[in-house]
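Breakdown of the fold
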Amino acid sequence: MSAHRGTIYESPRVAAEPGEDVVTSTCGHNCGGRCVVNAHVRDGRIVKISTDPRKWTPELPPLHACVRGFGAAERVNHPDRVLHPLRRVGPRGSAEFERIAWDEALDTVASQMRRIRDTYGPAAILDASRSGNTALLHSRTVVQRMLHMFGGCTELWSNLSAEAEVFAVRYTYGPAVEYKSAGREPIDYPNSRLILMWGWSPGDGHFGTGTLQYLKWAKQHGTKIICVDPRVTATSAQLADEHILIRPSSDTAMLLAMAYVIVTEGLHDQDYCDRLVLGFDEARLPADAPPGSSWRSYLLGLSDGIRKTPEWAAPLTGVSAGAIRRLAIEFATSKPAALQCGYAPGRTAYGEQFHRAAYALAAITGNVGIPGGNSGSSNGARPHGLKRLSAGKNPANARVASPLLADVLARGRSGGYPADIKMLYSACGDLVNQCGNVHKTIDAIQQLEFVVVHDHFITPTARYADIVLPATTFWERNDIHVPWAGALHYAIFMKQAIPPMGECRNDFDICADLAKRLGIDGYNDKTEEQWLREFCEGSDVDDFDRFRETGLARLPAGADAVAYAAEVRGEKPFSTASGKIEIYSTTLAKDPNPCGLGPIAPIPVWIPPHPEDDRYPLEMVSPKSKARTHSTHDNQEILARAERQDVWLHPEDAGARGIVDGARVRVFNDRGSTVLPVKVTDRIARGCVSIKEGAWFTPGDGGADTRGCANVLTPDRAAPSGASTYNTARVDVAPV
C-alpha cells in the first residue's frame, strides 16, 4: 500500500444550501482528535455542524468529527456565553459580576500587573493558561509571550496529560524526536501480529482522528488485540480478544514481571540488544556504571535481592501470576508485536517508571523501529513541519511543575518555590478544576491580590476571577491546526465562520492591547494572515491561498511509518548520549534528580506508589468522558447525553457497602468529597472506582462538590519527572 507523495488540497465539506455558507474548521480544544467540523452559517449564525463526507480508505481517511465536534454549535450559541468584560462585585468565588467597558477592564488588568511586578517581582505573577484553545496562532502562547516580554512570570512547565512520556522518550530514545512523533502511523497497525494496548483507549479519548477505525482495520487483517486497563474501555469492549484488569499505579510491576519471564526463558532478542541497547545486561553497560547495575541484574534480583517474578507482581497488580507469564510469552513470541501505551498509567506517583519500563520491554524483544512493532508510545511518527507562535524565554526563570498548582499558591517561598504568588493569569484553561486537590486550590486563591481570566463561560476558574475578559471561540477567528497525536499527515485551515459575538475579542488581540498599556514594544507586528502565511513557509503546505480556500491539506507521508526505523537500520544513531536505546540512562546516572522533585534511577524500577495509609481502601482512576474535552463542554446539556457522569464500582465492592446500581453515592477522602450516581459493573477491577474527569466543581451549601468533580479527590503531587499523579488516589464510597 503506497502513501501519496505530494500535497493534496481538499474541500472536506458538502455543498452549501441556498442562503447558507459552509465553513471548514477543526475543534481548537485539547480533545485527542483533530477532525473536520464544518459550520453551516445563516444570517451570521451557526445553525448546524457537519463533517468530512469522504468515505473511509486507509490511505486517505476521512477526518470524521465526534459528538463533541457536532456539539460545537450548541457551545458557540450557548445562552451563558460571556459576551462582555466583567468585574467581580461579590466575594471571590461567588460568581457575582458586573459588566464594565473594555477600556476599564484592560486598564485595571494593566495597572494590577505593573503594581504586582514592581512590588513583588515578576515571578509573583503565575501563568495558569493552558490547552483549552490550541492552534498554531491562537493559544496560551499569546499570554506566555506577553508575560515574558513584561519581565517574566512563574510558569507551570509540565504537561498534565503526558509529562511522564515526554520524560521517558527523552531519556530512553533521546531528545531529537519529540514525544508526539515517537510512535508509529496507524497505516502500520495491520503489520502487527499482536497489539498490546496498555492504558490506551482511542474509543474513549481518540488519540488521533480515526485511530479506532484503523484498529478495526487491523483486526480485520488478523491482528490480535489484548488490553491491560483497570476498566473495560469502549475500545476493549469492541475490539479486544482479551482484557486484563489491573490495579491502578501497579503497571510498572507487571511490566517488570513480564520482562523477567522473557529474560529467564531466553525469549529476548540478544542480537538486537547487543547492537542497539545500552544497559540491558552487564556486557552492555557504560564503563563507569557500577557492577550489577544492569536491568537484567535488577530483574533477576541480583542487585536488590528481589526477583521480579510474576508471583512477586501478582499481589501488587491484582493480575494472576499465570496471566502475567502467559502474556509475557505471547508478547515475546508474536513478533512483530506493538506495545501501545496511553498516558493514564503515567499519570501516577512514579509514572515515568511505567513508560521507561514499557520502552525497555519493547526494546529487549526487538520491536522498536520495525514495521508492525512500536516504541511503546501511541503517538505518530512524523512532525508536520509547520511553525507556530513563539513565546520566547521567561526572564524570571521561575518554573513549577503543573501538578503543584495548589501547593505553590498555598505556600510560595515557604514551600521552596520561586516566589509568593500574588496574581494569577488564566487564558485557554480551567486549572482550578483540572489540577489536583481543588479545595486546597480555592482556599489558596482567596489569598491572591488579583486574578484575571479570559474565557467563554464562568467556569470554575472564572468564578474566582476579579476581571473576566470575553474571548472568542475558534469559530470567530482564523487559524491553522495539525494532527493532535502526530499521526496521519494533514493540516486544517480554521476559517472564521462568524463575527465575534457580543464584545468578544481573541486572546491575541486582548494581549496586544495590554502590551500597549504595559509599554511592551514588538509584541505583535503582523496581521493574522501574515502570521499564518509565515507558519506555512518551508513546509509541505506549498500553496497557502489554495489551502485557505479548500480548508484541508493532506501532506506527503514520510519514508517510514514507525519511529526510529532509520536508527534501527543503522543509518544514524539514537540521539541519546550513547547513541543507543538507553535502558540504563547515562544522563540520569550523572544527574538523578533533573527536575528537583526526587531521584530517578538510571534503569526502570518498581517503587510502591502510596504512603502506608489504609483509611481509604479503593483506588480511583479518572478517565476521559465522551461528553467533554477535559472540562470544556461540561455546561452543554445536549452534549451531556452522550455519556452520564457516574462512578463505576465493582459488584463485590458495592455489595460490601450496601450500594445498589443507580443509587447516589458519596465518594470521599481526606481532600474532599463528591456526590454522583453509581454504576455497579464488573467492567472495573475489584478495589477500584472510576470517575470521569472534567465535571465542573460545583460546591453545595457546605462547600462539598455536588456534580462529580474528580479533582476534589486527586492529589496535588508531582511525580519525580514532573508528571501529574491523578491516578494515584485512594478513596472510599458510601451510600447517600
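Cut-offs and rules
- Residues numbered from 1 in each chain as written.
- Predicted model: local features only at pLDDT ≥ 70, side-chain atom pairs only at ≥ 80, totals over all residues.
- Heavy atoms only, no water.
- Helix = DSSP H or I, 4+ residues; strand = E, 2+ residues; numbered from the N terminus.
- Buried < 20%, exposed > 50% of the residue type's maximum accessible area, 1.4 Å probe, protein only.
- Disulfide = S-S within 2.5 Å.
- Pairing = 2+ DSSP bridges.
- Axes fitted to C-alpha atoms, helices over the stretch in contact; angles between N-to-C directions.
- Phe/Tyr/Trp six-rings, centres within 6.5 Å; stacked < 30°, edge-to-face > 60°.
- Contact = heavy atoms within 4.5 Å.
- Core = buried A, V, L, I, M, F, W, Y, C linked by side-chain atoms within 4.5 Å.
- Parallel < 35°, antiparallel > 145°, perpendicular 65-115°, else oblique.
- Left-handed = near helix turned anticlockwise from the far one by under 90°.
- Nonpolar A, V, L, I, M, F, W, Y, C, P; charged D, E, K, R; others polar.

**Quick word on the side chain of Thr26**
- By the secondary structure assignment, Thr26 is in the loop between strand 2 (21–25) and strand 3 (37–42).
- Thr26 sits in the buried class, given a relative accessible area of 0%.

**Quick look at the state of the cysteines**
- Tallied over the full model, the rule gives zero disulfides.
- In this model Cys31 remains outside any disulfide bridge; the closest cysteine sulfur is found in Cys27, 5.6 Å from its own.

**Observations regarding the sheet that holds strand 2**
- Spatial ordering of the open sheet is given by 2-3-4, a layout of three strands whose pairing is antiparallel. The outermost strands of the open sheet, each flanked by one partner alone, are strand 2 and strand 4 (45–50). Averaged over neighbouring strand pairs, the angle between their axes works out to 30 degrees when direction is ignored.
- Inspection of the sheet shows strand 2 paired to strand 3 by five bridges, in the antiparallel sense. Opposite Val22, over in strand 3, you have His40 as the bridge partner.

**What about the packing of aromatic side chains?**
- Enumeration over the complete set of coordinates arrives at 22 aromatic pairs.
- With a centroid separation of 5.9 Å and an interplanar angle of 80 degrees, the aromatic rings of Phe493 and Phe544 are classed as edge-to-face. Within this pair, whereas Phe493 is found in strand 19 (residues 490–494), its partner Phe544 is found in helix 20 (residues 544–550), the two being separated by 51 residues in sequence. The exposure classification of Phe493 matches that of Phe544, with both residues buried.
- Between Phe508 and Tyr523, the aromatic rings sit 5.4 Å apart at their centres with planes inclined by 75 degrees, giving edge-to-face as the arrangement.

**Observations concerning the sheet that holds strand 6 (residues 97–99)**
- One open sheet holds the eight strands; their spatial order is 6-5-17-16-15-7-8-14, and the pairing between them is mixed. Single-partner strands in this sheet number two, and they are strand 6 and strand 14 (398–400). The mean inter-strand angle of the sheet, taken between neighbouring strand axes irrespective of direction, is 20 degrees.
- Examined bridge by bridge, strand 16 (residues 450–455) and strand 17 (residues 467–470) share four bridges and lie parallel to one another. Residue pairing across strands places His454 opposite Leu469, the latter belonging to strand 17.
- Of the strands in this sheet, strand 15 (423–426), strand 16 and strand 17 are in contact with helix 18 (residues 507–517), which crosses strand 16 at around 145 degrees.

**Here we look at the nonpolar core**
- Counting 93 residues, the largest nonpolar core has Leu196, Trp198, Met254, Met258, Val277, Trp295 and Ile364 as its most contacted members.
- Per-element tally for this core: the top contributor is helix 9 (residues 251–264), with 11 residues.
- Setting aside residues up to four positions removed in sequence, Val277 forms contacts with Tyr272, Arg284, Ala363, Lys580, Ile581 and Ile583.
- Ranked by size, the runner-up nonpolar core spans 52 residues in total, among them Ala128, Leu160, Leu448 and Val667.

**A few points about unusual backbone geometry**
- Across the junction of Lys335 and Pro336, the peptide omega takes the value 0 degrees, indicating a cis bond.
- Topologically, Pro336 is positioned in the loop between helix 13 (321–333) and strand 13 (337–341).
- In the Ramachandran plot, His206 falls in the positive-phi region, its phi being about 70 degrees despite a non-glycine side chain.
- With respect to the helices, strands and loops of the structure, His206 is situated in the loop between helix 6 (202–205) and helix 7 (211–220).

**Brief notes about the packing of helix 9 against helix 12 (residues 310–317)**
- Where helix 9 meets helix 12, the closest approach of the two axes is 9 Å, and the angle between their N-to-C directions is 165 degrees. Comparing the axis directions of helix 9 and helix 12 gives the class roughly antiparallel. The element helix 9 and its partner helix 12 pack so that their crossing is left-handed. Judged by residue contacts, Ala253, Met254, Leu256, Ala257, Tyr260 and Val261 of helix 9 engage Pro310, Trp312, Ala313, Leu316 and Thr317 from helix 12.
- Across the contact of helix 9 with helix 12, the residue classes break down as 10 nonpolar, one polar and no charged.

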